Amino acid sequence: MKHIYFTPGPSQLFPTVPSYLQEAIKNDIGSISHRSKQFDELFEQTTSRIRTLFAVPQTHAVFFVGSGTEAMERVIQNCVTKESFHVVNGSFAKRFFETAVDLGKKPKKIDVAFGTGIDLQKLKVPSLSELICITHNETSAGVMLPADEICKLKKRYPNKLLAVDTVSSAPYGTFDFSAIDIFFFSVQKGFGLPAGLGVMIVGPNALEKSKKLQKKKSVGSYHAFSMLFEFAKKYQTPETPPVLHIYLLNNVLGDFLKVGRNVLNKHAEEKAKLLYDYFDNQATWSAFVKEKAFRSPTVIVAEIGKKQKELKAFLAEKNCIVGSGYGPYKDTQIRIANFPAMAKKDIEKLIAALKAYDRSTR
Ligand SMILES: *Cc1c(COP(=O)(O)O)cnc(C)c1O
């Protein structure tokens, strides 16, 4: 039996990926030139599918980069003269903040207790902060901030840029892109692909800011926004990109579009409910995030305690690979990814395995 990877990135491959991989080999995708018409068409179709899936207006550009972590660095480089502002509610948001420190900026932040949410409508952003950085789904803690609240925050601060990290939520969630300046994700989580490709969606104000900034200081070289934009207009990338990844992403996007985003969202919520209902209605374990409004549908974190290692091994024997907790919770929590690649029956299988372990220890 093959394993099911409930690990929150890399994660279970989307079921159609093996056949697209074979097709890619057959079609010589690994050998085509990134300056060829064939690639231009692939770029065009892939970015246009991204636009359709997320309802991205033509005002925004779609760029390919190497990873979610790279996207963080590009955002700070291209959009911040001195000061960014970060909502830090876990390890990934912290990395975004630290990226700004490393790049010589003077970022500010608000710290939110691990595993809890924050009322974004009460959030005060310092007046000098140029860019607000939000992690939509904090993968380390299993906390998701509501997409509409994030968009509303921008409406209160229309003169600041807003960057949203959706690495472990996309394609889940519905954002109004008139409120979004930068949106980024990588493909090894919700898209069920091997790691190695990041996607950035960048709006006109962020492009403008980068252009201004570039006159005064370096905003990077081949992945400066202006360079990415210049090539994107020609349906190309500045460097030789991972064409195979883009090919696979294009095909998985095609599958997602056949289902439709609303249905994808609904599936995610239904499967998440199975897991949260299970954790809420038995006595052995509990869901880590207590406030229901902030419970992530895509990464479910459960408190296991001393038996975590034993439980993980038991689940692995049943072919269910779950993630460990993050940082200080490494040995006491498990994290369960609930992405489009996991079918309802996979989640049911995992819950049955959790139940079987629980019974075996009585
Ligand atoms: C995984 C993750 C990242 C890092 O993405 P990479 O593609 O691994 O660089 C950033 N933010 C969040 C929320 C993540 O879950």
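**Q** Would you explain the packing of helix α1 (residues 17-26) against helix α8 (residues 243-259) in this entry?
**A** Helix packing geometry: the angle between the two helix axes and the distance between the axes. Between α1 and α8, the shortest axis-to-axis distance is 10 Å and the interhelical angle comes to 135°. Classified by the interaxial angle, the pair formed by α1 and α8 is oblique. Crossing angle aside, the handedness with which α1 passes α8 is right-handed. Touching V17, Y20, L21, E23 and A24 of α1 are L244, Y247, L248, N251, V252 and D255, all from α8. A breakdown of the residues in the contact of α1 with α8 according to their chemical character gives 8 nonpolar, 1 polar and 2 charged.

**Q** Where do I start with the pattern of salt bridges in this structure?
**A** With the rule as written, the count across this model stands at 16 salt bridges. Where E130 meets K209, a salt bridge forms, and the shortest distance between an N and an O atom there is 2.8 Å. Within this pair, whereas E130 is found in the loop between β4 (108-111) and β5 (131-135), its partner K209 is found in helix α6 (residues 204-216), the two being separated by 79 residues in sequence. A salt bridge links D277 to K273; its shortest N-O distance comes to 2.7 Å. Taken together, the positions of D277 and K273, both in helix α9 (residues 261-280) and 4 residues apart, correspond to about one turn of that helix. Residue D277 is classed as partly exposed on the basis of its relative accessible area, which comes to 31%.

**Q** Is there a simple way to think about the sheet that holds strand β14 (residues 323-324) in this case?
**A** If you trace the 4 strands from one edge of the open sheet to the other, you get β11-β12-β15-β14, paired in antiparallel fashion. Either end of the sheet is taken by a strand with one partner, and the two such strands are β11 (286-287) and β14. Two strands pair when backbone bridges link them, and β11 and strand β12 (residues 299-303) are joined in this way by 2 bridges, in the antiparallel orientation. By the bridge assignment, S286 is partnered in β12 with E303. Across the sheet, α9 is in contact with β11, β12 and β15 (333-337); its angle to β12 comes to roughly 10°.

**Q** So what exactly am I meant to see when it comes to the nonpolar core here?
**A** Here is a general trend for soluble globular proteins: nonpolar side chains tend to be buried in one another's company. In this structure, F54, L131, I182, F191, M200, L249 and F279 are the most contacted members of the largest nonpolar core, which totals 116 residues. Counting residues per element, this core draws most heavily on α8, at 8 residues.

**Q** Even after reading the chapter, I still don't get the environment of A293, so can you show me in this structure?
**A** With respect to the helices and strands, A293 occurs in the loop between β11 and β12. Sequence separation between A293 and F64 is 229 residues, and the spatial gap between their C-alpha atoms is 32 Å.

**Q** How do you make sense of helix α10 (residues 308-317) when you look at a structure like this?
**A** Since one α-helical turn is 3.6 residues long, residues separated by three or four positions face the same way. By the burial criterion, the buried members of α10 are Q308, L311, F314 and L315. All buried residues of α10 lie within an arc of 125° about the axis, which places them on one face of the element. Facing away from the buried side of α10 by over 90 degrees, the exposed positions are K309 and E317. On the buried face of α10, the contacting elements are β13 (320-321), β14, β15 and α11 (344-360). The first or second residue beyond α10 is N319, which carries a positive phi of 70°.

What counts as what
- Residues numbered from 1 in each chain as written.
- Predicted model: local features only at pLDDT ≥ 70, side-chain atom pairs only at ≥ 80, totals over all residues.
- Heavy atoms only, no water.
- Axes fitted to C-alpha atoms, helices over the stretch in contact; angles between N-to-C directions.
- Helix = DSSP H or I, 4+ residues; strand = E, 2+ residues; numbered from the N terminus.
- Parallel < 35°, antiparallel > 145°, perpendicular 65-115°, else oblique.
- Left-handed = near helix turned anticlockwise from the far one by under 90°.
- Contact = heavy atoms within 4.5 Å.
- Nonpolar A, V, L, I, M, F, W, Y, C, P; charged D, E, K, R; others polar.
- Salt bridge = Lys/Arg side-chain N within 4 Å of Asp/Glu carboxyl O.
- Buried < 20%, exposed > 50% of the residue type's maximum accessible area, 1.4 Å probe, protein only.
- Pairing = 2+ DSSP bridges.
- Core = buried A, V, L, I, M, F, W, Y, C linked by side-chain atoms within 4.5 Å.
- Arc of directions from axis to C-beta.

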